[in-house]
Amino acid sequence: MEKTDASNAKILQRFYGLFFLALTLFYLALTPGTIEGQGYNRENLIAVNQIATNLFNVATGKSPNAVAWTRHGFIEPFLELPLAVVSRALFGDSVKWAGRLLIFQPILATSLLCTLLLIWAHRLTGNLRLATVLAGGAALGTMLWPYVYIGLETTQSLALMVAAYLAMGREAKGSWPETLLFGLSCAVAVAVKLNGVFLVPAIAFLIFAYLGRTGWQRPKLFGIAAILVLLYALNHLAKASYWKGADAGVSYYKDILVGSPLTAVLQACAYFGSSNKSLFLFCPVLILSFPTLGKAWKSHPRIVMFTVLTLGGLIGGFSITRMWADETWGPRYLHATIAPLMLCLAAAKSAIRIEWKREILTVVFLVAGFAVSLLGSFFSYDALHLAAIKTSQATLDTLQYDPRWNHVQFNWELMKVWGKGQFGDSQPKLWPSPRHWWFEKPEDAPPDKIVDLREFADPQPLLAQQWRPSMLVTPRVFLWLRGISAICLIAGILGFGLTWRQASSFDRNNRTSPT
């Protein structure tokens, strides 16, 4: 029996490694080739490049220079430092080359997050194929996929999931190395971004759960608390240099608070009902998570409690601000809730016998999510925002609620324009459609501005782009990069096929009940 368990453990380790590799290769296949230009990543690039340059300066006897810390502090730049050092060693002091290498960071972070979800889901369900469907569905059927290239939120979401796994997903050892890793994960989740304060209830619950499983030992409690306080305080000092008044963004949040509790309630509801930013629109499979929370609670109440605290903290925190959602793809501030909600779905299935005919609806929602996420990955999120600016409609209200500016619909139109263009169709596609005036359009109403979508139908992946001088690489090098992307795509798809085959074989040979 022990020999069988040891053999299964080795098989599973190889399987998890294969899943991680296949997912990473698939993500790489559709990469835009750089993280520059995505959100506030330019700030991270400048900071981490300066840190890498200072390391080389110190090594060669030169004086280090001051670092321009980002709006979120120093944590993410330091986590990106290994890639920046490689860039500095190979290509010199170049922010552009740093951006090209740092695209690997959100890819690896998301692949690790989904692999951890796979491991945990398998432990819950005892069915490797179902766990693979859920983890693979989260990876390619939710917002996780587009944000691999946008590069925002991924570090925080991974840190939160690592902390949750150490607290509840495995047999806690309680060793000091594990305790320190747990404390560091909690600290990164809270401190890496300004919105980390909204995760404090969830992190507090995880600390309670972890110490409850390992024994309430004061030295370990103080150790975790010390890591949290120290990292948060140091990061607070770093990000204070970015904000005016050196208040680390406190005044900024005060300026964007809503003026009415009713507005906050309505915005909280909009996370699920907005025509443009609903969580269910960008992650359809999560529609199935909420009805199953009661069933998941009966078998795994701690997982549900952690998920509710995460979801409630982020929704409650952001709904009191005017920018509960922004110009990026979907409700990005709920990125950290996707893996926990998928975990609840797995927990709900842990107490039932898996029958694949019952999972048809899950597969349907995952396929729908794949289609939506493909659109979000194929075009840069800022195409919609740039079009809104040109039409003088780039307001939060438009981006959050106006159905004419729905991101999925907009990217679908871009996909059609791009596809037709590949066959020589150069007909203009005007956007948006005219506004619908109630009864009559007022005589003094300003004329509607429209744009031609051909201007924005430029695919994001290198695999689908055409060479242009602004890429700063030769046509030959660009062809090599496209070839590598094509190889990654084929290898990733074959890797997924192999993981499914191995999962099926493992399940046939191990008819175990959920643990």
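This report concerns the structure included in the present document. (Residues numbered from 1 in each chain as written. Predicted model: local features only at pLDDT ≥ 70, side-chain atom pairs only at ≥ 80, totals over all residues. Heavy atoms only, no water.)

### Re the overall build of the protein chain
Consideration 1: Along its length, the protein chain carries 23 helices and two strands.
Consideration 2: Against the 2.2 N^0.38 benchmark of 24 Å for 515 residues, the protein chain shows a C-alpha radius of gyration of 24 Å, consistent with a compact globule.
Consideration 3: Looking at the protein chain as a whole, 54% of its 515 residues qualify as buried.
Consideration 4: Carbon and sulfur atoms make up 66% of the accessible area of the protein chain, which amounts to about 23,300 Å² in all. (Helix = DSSP H or I, 4+ residues; strand = E, 2+ residues; numbered from the N terminus. Rg over C-alpha atoms; globule rule 2.2 N^0.38 Å. Buried < 20%, exposed > 50% of the residue type's maximum accessible area, 1.4 Å probe, protein only. Areas by Shrake-Rupley, 256 points an atom, 1.4 Å probe, with all protein chains shown as cover.)

### Observations concerning the side chain of Glu 43
Consideration 1: Relative to the assigned elements, Glu 43 resides in helix H2 (residues 41-59).
Consideration 2: Given the relative accessible area of 16%, Glu 43 is considered buried.
Consideration 3: Of the polar contacts made by the side chain of Glu 43, one reaches the side chain of Arg 71; its length is 2.4 Å.
Consideration 4: Beyond its immediate sequence surroundings of up to four residues, Glu 43 is in contact with Thr 70, Arg 71 and Tyr 242. (Polar contact = N/O pair within 3.5 Å; in protein donor to acceptor, adjacent residues only side chain to side chain. Contact = heavy atoms within 4.5 Å.)

### Section: the packing of helix H7 (residues 128-140) against helix H19 (residues 360-378)
Consideration 1: Put simply, H7 and H19 touch, their axes get as near as 8 Å, and they point 25 degrees apart. Looking at the two axes, H7 sits roughly parallel to H19. In this structure, H7 crosses over H19, and the sense of that crossing is left-handed. Of the residues in H19, those touching H7 at Val 133, Leu 134, Gly 137 and Leu 140 are Thr 362, Leu 366, Gly 369, Phe 370 and Ser 373.
Consideration 2: Across the contact of H7 with H19, the residue classes break down as five nonpolar, four polar and no charged. (Axes fitted to C-alpha atoms, helices over the stretch in contact; angles between N-to-C directions. Parallel < 35°, antiparallel > 145°, perpendicular 65-115°, else oblique. Left-handed = near helix turned anticlockwise from the far one by under 90°. Nonpolar A, V, L, I, M, F, W, Y, C, P; charged D, E, K, R; others polar.)

### A short note on the layout of surface pockets
Consideration 1: Of the volumes computed, that of the largest pocket is approximately 1,100 Å³.
Consideration 2: Around the largest pocket, the lining comprises 36 residues; the ones closest to its centre are Pro 32, Gly 33, Thr 34, Leu 462 and Gln 465.
Consideration 3: The element contributing the most residues to the lining of the largest pocket is helix H23 (residues 475-509), with six residues.
Consideration 4: For the lining of the largest pocket, the class distribution of residues is 19 nonpolar, ten polar and seven charged. (1 Å grid on protein atoms, 1.4 Å probe; cavity = no way out; pocket = protein on both sides within 12 Å on 5 of 7 lines; lining within 4 Å. Points joined across faces, edges and corners; volume = space filled by probe spheres on them.)

### Let's talk about unusual backbone geometry
Consideration 1: Pro 432 follows Trp 431 through a cis peptide bond whose omega is -5 degrees.
Consideration 2: For Pro 432, the position within the fold is in the loop between strand E1 (430-431) and strand E2 (451-452).
Consideration 3: For Glu 153, which is not a glycine, the phi torsion comes out positive at approximately 75 degrees.
Consideration 4: With relative accessibility at 3%, the residue Glu 153 sits in the buried group.

### Comments concerning the packing of aromatic side chains
Consideration 1: Scanning all chains against the criterion turns up 27 aromatic pairs.
Consideration 2: Aromatic side chains Tyr 252 and Tyr 253 sit 5.7 Å apart centroid to centroid with 75 degrees between the ring planes, which places their arrangement in the edge-to-face category.
Consideration 3: Classification of Tyr 252 as partly exposed rests on a relative accessible area of 31%.
Consideration 4: Centre to centre, the rings of Phe 280 and Phe 290 are 5.5 Å apart; their planes meet at 80 degrees, and the pair counts as edge-to-face. (Phe/Tyr/Trp six-rings, centres within 6.5 Å; stacked < 30°, edge-to-face > 60°.)

### Focus: the side chain of Ser 377
Consideration 1: Within the secondary structure layout, Ser 377 lies in helix H19.
Consideration 2: Here Trp 145 takes part through its side chain, which lies 3.4 Å from a polar atom of the side chain of Ser 377.
Consideration 3: With near-sequence residues (within four places) excluded, Ser 377 lies in contact with Trp 145, Pro 146, Tyr 149, Gln 460 and Pro 461.

### Concerning the environment of Arg 302
Consideration 1: Assignment of secondary structure puts Arg 302 in helix H17 (residues 301-319).
Consideration 2: On a C-alpha basis, the gap between Arg 302 and Ala 209 in space is 8.0 Å, while along the polypeptide they are 93 residues apart.
Consideration 3: In this view, Arg 302 contacts Met 168, Phe 205, Ala 209 and Arg 213; residues no more than four positions away in its chain are not counted.

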